[in-house]
Amino acid sequence: MKRFFTSLAAGAALLGLAAQAGAQGYPERPITVVVPFSAGGPTDTVTRLIAEAMSKDLGQQIVVENVGGAGGTLGAGRVADAEPDGYTLLLHHIGMATSATLYRKLAYDTLNAFEYVGLVTEVPMTILARKDFEPTDMKGLIDYVKANKDKVTVANAGIGAASHLCGMLFMSALETPLVTVPYKGTGPAMTDLLGGQVDIMCDQTTNTTKQIQAGTVKAYAVTSPARLDVLPDLPTAEEAGLAGFQVGIWHGVYAPKGTPSEITERLSKSLQLALKDENVMARFAELGTEPSSQEDATPAALKAKLENEIDRWKPVIDAAGQYAD
Ligand code: ASP
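Residues numbered from 1 in each chain as written. Predicted model: local features only at pLDDT ≥ 70, side-chain atom pairs only at ≥ 80, totals over all residues. Heavy atoms only, no water.

> Whenever I open this one, the nonpolar core confuses me. Can you help?
General note: in soluble globular proteins, nonpolar side chains tend to be found buried as a group. Grouped together as the largest cluster of nonpolar side chains are 55 residues, with contacts concentrated most on F114, M138 and I200. Looking at this core element by element, the count peaks at 8 residues for helix α6 (residues 162–174). Not counting the four nearest positions on each side in its chain, F114 is found in contact with A76, V79, A80, L90, M96, Y108, Y254, A255, P256 and K257. Grouped together as the second largest cluster of nonpolar side chains are 33 residues, A23, L267, L271 and L287 included. (Core = buried A, V, L, I, M, F, W, Y, C linked by side-chain atoms within 4.5 Å. Buried < 20%, exposed > 50% of the residue type's maximum accessible area, 1.4 Å probe, protein only. Helix = DSSP H or I, 4+ residues; strand = E, 2+ residues; numbered from the N terminus. Contact = heavy atoms within 4.5 Å.)

> Got a minute to help me understand the site of the ligand in this structure?
Close contacts around the ligand come from F37, P42, T43, H93, A157, A161, A162, S163, G185, T186 and Q204, and that covers them all. Between the ligand and H93 there is a distance of 2.7 Å, counted from an oxygen atom to a side-chain nitrogen or oxygen. Between the ligand and the protein, one listed contact pairs an oxygen atom with a side-chain N or O atom of S163 at 2.4 Å. Taken together, the elements giving at least two residues each to the shell around the ligand come down to α2 (42–58) and α6. Residues of the shell around the ligand, tallied by class, amount to 5 nonpolar, 6 polar and no charged. (Near = heavy atom within 4 Å. Polar contact = N/O pair within 3.5 Å; in protein donor to acceptor, adjacent residues only side chain to side chain. Nonpolar A, V, L, I, M, F, W, Y, C, P; charged D, E, K, R; others polar.)

> Before we go on, may I ask you to explain the packing of aromatic side chains in this structure?
Pairs of aromatic rings are described using the distance from one ring centre to the other and the angle between the two planes. Within this structure, the stated rule accounts for 5 aromatic pairs. For the pair F114 and Y254, a centre-to-centre distance of 5.8 Å together with 65° between the ring planes defines the contact as edge-to-face. With F114 in strand β4 (residues 114–130) and Y254 in strand β9 (residues 248–256), this pair connects stretches of sequence that are 140 residues apart. With relative accessibility at 0%, the residue Y254 sits in the buried group. Members of the aromatic cluster, connected to one another through ring pairs, are Y108, F114, Y116 and Y254. Its end group placed over the ring of Y87, R29 keeps NZ or CZ at 3.8 Å from the ring centre. (Phe/Tyr/Trp six-rings, centres within 6.5 Å; stacked < 30°, edge-to-face > 60°. Lys NZ or Arg CZ within 6 Å of the ring centre and 35° of its normal.)

> When you look at the environment of L90 in this model, what are you seeing that I'm missing?
Considering the arrangement of structural elements, one finds L90 in strand β3 (residues 88–93). Overall, L90 belongs to the buried group, its relative accessible area being 0%. It is 11 Å that separates the C-alpha atoms of L90 and T73, two residues lying 17 residues apart in sequence. Setting aside residues up to four positions removed in sequence, L90 forms contacts with V33, V34, P36, G75, A76, V79, M96, F114, G252, V253 and Y254.

> What is the right way to look at the side chain of T289 in this model?
Structurally, T289 can be placed in the loop between α10 (278–286) and α11 (299–320). The class for T289 is buried, based on a relative accessible area of 7%. Polar side-chain contacts of T289 include one of 2.8 Å to the side chain of T121. A polar contact of 3.0 Å, which involves the side chain of T289, links it to the backbone oxygen of E122. Excluding anything up to four places from it in sequence, T289 contacts T121, E122, V123, P124, T206 and F284.

> Explain the state of the cysteines to me, please; I cannot follow it from the model alone.
A disulfide bridge is the covalent bond that connects two cysteines by way of their sulfur atoms. Enumeration over the complete set of coordinates arrives at 1 disulfide. With a sulfur-sulfur separation of 1.9 Å, C166 is cross-linked through a disulfide to C202. On the sign convention where negative means left-handed, the S-S torsion of about 60° between C166 and C202 marks this disulfide as right-handed. Residue C166 is located in helix α6, and its partner C202 is located in strand β7 (residues 200–204); the two are separated by 36 residues in the primary sequence. (Disulfide = S-S within 2.5 Å.)

And the structure:
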């Protein structure tokens, strides 16, 4: 029996060594980071900026792979199933927390399928419509939507997406269910909004600031507590008459469960550097967002955020009572 335990201990030590050896010299080849939405959307934009800066520090290319569909859960599932070797990562947002409640069945166990690298940014959302949509302000939008609830269409990136959450909060605030049109990301949803094929959308400023500034969409409000420097004329949702309507879309980097902590720590250091990168800071500011703090760009901070946010959104989602199978 004793021998069995000794060899078990030796085996465990060997495994530990193997994990360390896996971390030594990391990364030795390109890393893939999965964006669980289409190319050209807000999550994709944030990821490409961060990936470029992190690859400078890591000395390896970071390839962005867009795995859109099912509100971000397909891409998250793809990373949950990947080898835990540090060569497949996930950059996902608040949807990681909301989908844990929204989906009756997920292909992965949100709190047990991932290791954590750190928080990246928290992005406000904007409530928008196609350029020629009749209402000119939030009050007009609310009246119009209530009077035309069967014909107004709302774009989102599927159940579990940030645009879904924001749309759900909007419909709950108005006590008016609307027809939703799901896309694989709000990149293609924006294309349809610009083309007039869909009426309204709530999406991150990382996808909407340029369009709002150019006047190619009609914007009604931003979901941050205060107005944004880049969109000074856009009222907050609160100012526009939606009391308590605030939502910030936090983003984090994850790795599959079992990825050695030496690797997630190494990635976290690299993420911290990326968040201080001049190009990242300048582009984030132009897009109406800011990098997370250095303390938040850590595995412990992301883990705590995810756990808290699952608890925070569960009662809201349960009250809305819309789940996905
Ligand atoms: N972040 C967007 C959403 O959750 C989707 C995307 O990034 O394309 O709606």
